[in-house]
Amino acid sequence: MTMMMSMMKTAACRQGAILVFFIAVTAGAAAGDSFSIQARGAYFIPSEAVFKEIYGESPVYGGGISLKIMGGLSLWAGGSFFNKTGTLTFTEESTTMTLIPVFGGLQYQFLSGRFRPYIGAGAGYILYKEENPIGKVEDGGLGFMGLAGVKVLIAGPLFLDLQGSYSMCKVEPAGIEADLGGIHIGLGLGLQFLP
């Protein structure tokens with residue numbers, strides 16, 4: 001019963017955060033604030049030693065959106081997809097891990113010229129699934145992320161976004177604590193829509 005209540009609270013938090021962000025985006029777009037979308041590729045370096053030993057480092061793909069609130073401050077949200085097959089440490093059997101992190105938060109941009117450095121922080125949820133001959137685990141956990149980068153305007157609304165981030169997400173699959181977070185170093189290509 002306690003587990004069911006916990007799952008319902010987590011689902012309600014996740015849905016509430018998504019709803020608040022999209023209401024803000026819709027309201028901001030209607031008010032004529034600056035809005036951007038982008039596709040991103042990144043290199044993921046897991047922070048958990050066992051995770052890294054089994055699955056290694058790997059490319060991930062995703063995207064993001066942001067909405068200017070005022071001055072250099074923006075709301076942002078993004079997600080990515082990781083899927084990799086590795087080998088279990090003891091049995092050497094094949095195992096597959098899928099991670100789908102979705103994060104959102106605040107971002108501050110320092111300059112308004114062609115090069116626009118920024119920092120940000122946020123919270124989110126990581127869905128994960130691991131399948132191997134021993135069994136299947138499918139769940140999720142709340143996490144936190146800090147990020148920094150620089151947007152480079154190319155031409156018109158087109159920009160490049162060089163970004164580094166660090167995330168933490170502690171989970172306990174099968175009663176063993178693990179961190180699904182790590183370092184992402186990536187490059188995005190996006191469009192900025194001005195009022």
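We now turn to the structure provided with this report. If you're wondering where the values come from, they're calculated on a predicted model, not measured in any experiment. (Residues numbered from 1 in each chain as written. Predicted model: local features only at pLDDT ≥ 70, side-chain atom pairs only at ≥ 80, totals over all residues. Heavy atoms only, no water.)

**Examining the pairing of strand β3 (residues 73-87)**
Here is step 1 of the chain: Two elements, strand β2 (residues 58-70) and β3, share 9 bridges in a ladder whose sense is antiparallel. Residue pairing for β3: Gly63 is matched across the bridge by Gly79.
Here is step 2 of the chain: Counted between consecutive antiparallel strands, the loop separating β2 from β3 contains 2 residues, among which Gly71 sits at a positive phi close to 55°.
Here is step 3 of the chain: Here β3 folds back onto strand β4 (residues 94-109) in antiparallel fashion, the turn holding 6 residues, of which Glu92 has a positive phi close to 60°. (Pairing = 2+ DSSP bridges. Helix = DSSP H or I, 4+ residues; strand = E, 2+ residues; numbered from the N terminus.)

**Some details on the side chain of Gln163**
Here is step 1 of the chain: Of note, Gln163 is situated in strand β7 (residues 158-168).
Here is step 2 of the chain: A polar contact of 2.9 Å, which involves the side chain of Gln163, links it to the side chain of Tyr118.
Here is step 3 of the chain: With residues near it in sequence (within four places) discarded, Gln163 still touches Arg40, Tyr118, Leu147, Ala148, Gly149, His184, Ile185 and Gly186. (Polar contact = N/O pair within 3.5 Å; in protein donor to acceptor, adjacent residues only side chain to side chain. Contact = heavy atoms within 4.5 Å.)

**Remarks on the pairing of strand β1 (residues 35-46)**
Here is step 1 of the chain: Here β1 shows a clear split, with Ser36, Gln38, Arg40, Ala42, Phe44 and Pro46 buried on one side and none of Phe35, Ile37, Ala39, Gly41, Tyr43 and Ile45 buried on the other.
Here is step 2 of the chain: Pairing geometry for β1 and β2, over 10 bridges, is antiparallel. Pairing of Gln38 across the sheet is with Gly64, part of β2.
Here is step 3 of the chain: In the sheet, β1 pairs with strand β10 (residues 182-193) via 12 bridges, with the strands oriented antiparallel. Its bridge partner lying in β10, Arg40 is registered against Gly188. (Buried < 20%, exposed > 50% of the residue type's maximum accessible area, 1.4 Å probe, protein only.)

**Some points on the layout of surface pockets**
Here is step 1 of the chain: In this model, the largest pocket occupies a volume close to 630 Å³.
Here is step 2 of the chain: Val50, Ile54, Leu88, Glu130 and Ile176 are the residues nearest the centre of the largest pocket, which is lined by 25 residues in total.
Here is step 3 of the chain: When contributions to the lining of the largest pocket are tallied by element, the ones reaching two or more residues are α2 (49-55), β5 (115-132), β6 (135-155) and β9 (178-179).
Here is step 4 of the chain: For the lining of the largest pocket, the element with the highest residue contribution is α2, accounting for 4 residues.
Here is step 5 of the chain: Taken together, the residues of the lining of the largest pocket sort by class into 16 nonpolar, 4 polar and 5 charged. (1 Å grid on protein atoms, 1.4 Å probe; cavity = no way out; pocket = protein on both sides within 12 Å on 5 of 7 lines; lining within 4 Å. Points joined across faces, edges and corners; volume = space filled by probe spheres on them. Nonpolar A, V, L, I, M, F, W, Y, C, P; charged D, E, K, R; others polar.)

**What about the pattern of salt bridges?**
Any two side chains of opposite charge can pair, on the condition that their charged atoms come close.
Here is step 1 of the chain: If you walk through the whole model with that rule in mind, you get 4 salt bridges.
Here is step 2 of the chain: Residue Glu131 pairs with Lys129 through a salt bridge whose shortest N-O separation is 3.8 Å.
Here is step 3 of the chain: Take Glu131: its relative accessible area is 36%, and that puts it in the partly exposed class.
Here is step 4 of the chain: For Glu138, the salt bridge is made with Lys136, and the minimal N-O distance between the two is 3.7 Å. (Salt bridge = Lys/Arg side-chain N within 4 Å of Asp/Glu carboxyl O.)

**Focus on the sheet that holds β7**
Here is step 1 of the chain: Around the barrel, which closes on itself, the 8 strands sit in the order β1-β2-β3-β4-β5-β6-β7-β10 with antiparallel pairing between neighbours. Each strand of the sheet is rotated relative to its neighbour by a mean of 25°, with strand direction disregarded. (Axes fitted to C-alpha atoms, helices over the stretch in contact; angles between N-to-C directions.)

**As for the environment of Tyr128**
Here is step 1 of the chain: Of note, Tyr128 is situated in strand β5.
Here is step 2 of the chain: Sequence separation between Tyr128 and Leu180 is 52 residues, and the spatial gap between their C-alpha atoms is 8.5 Å.

**Observations regarding the packing of aromatic side chains**
Any pair of aromatic rings gets described here by the distance separating the centres and the angle formed by the planes.
Here is step 1 of the chain: Counted under the stated rule, the structure contains 6 aromatic pairs.
Here is step 2 of the chain: With 5.3 Å between their ring centres and 80° between their planes, Tyr108 and Phe110 make a pair best called edge-to-face.
Here is step 3 of the chain: Residue Tyr108 is classed as partly exposed on the basis of its relative accessible area of 38%.
Here is step 4 of the chain: Taken together through their ring pairs, the aromatic side chains of Phe44, Phe51, Tyr55 and Phe82 make up a single cluster. (Phe/Tyr/Trp six-rings, centres within 6.5 Å; stacked < 30°, edge-to-face > 60°.)

**Some remarks on the environment of Gly141**
Here is step 1 of the chain: Positionally, Gly141 belongs in strand β6.
Here is step 2 of the chain: Here the alpha-carbon distance between Gly141 and Tyr128, two residues 13 residues apart in the chain, equals 8.4 Å.
Here is step 3 of the chain: Non-local contacts of Gly141, meaning those with residues more than four positions away in its chain, are made with Gly124, Tyr125, Ile126, Cys169 and Val171.

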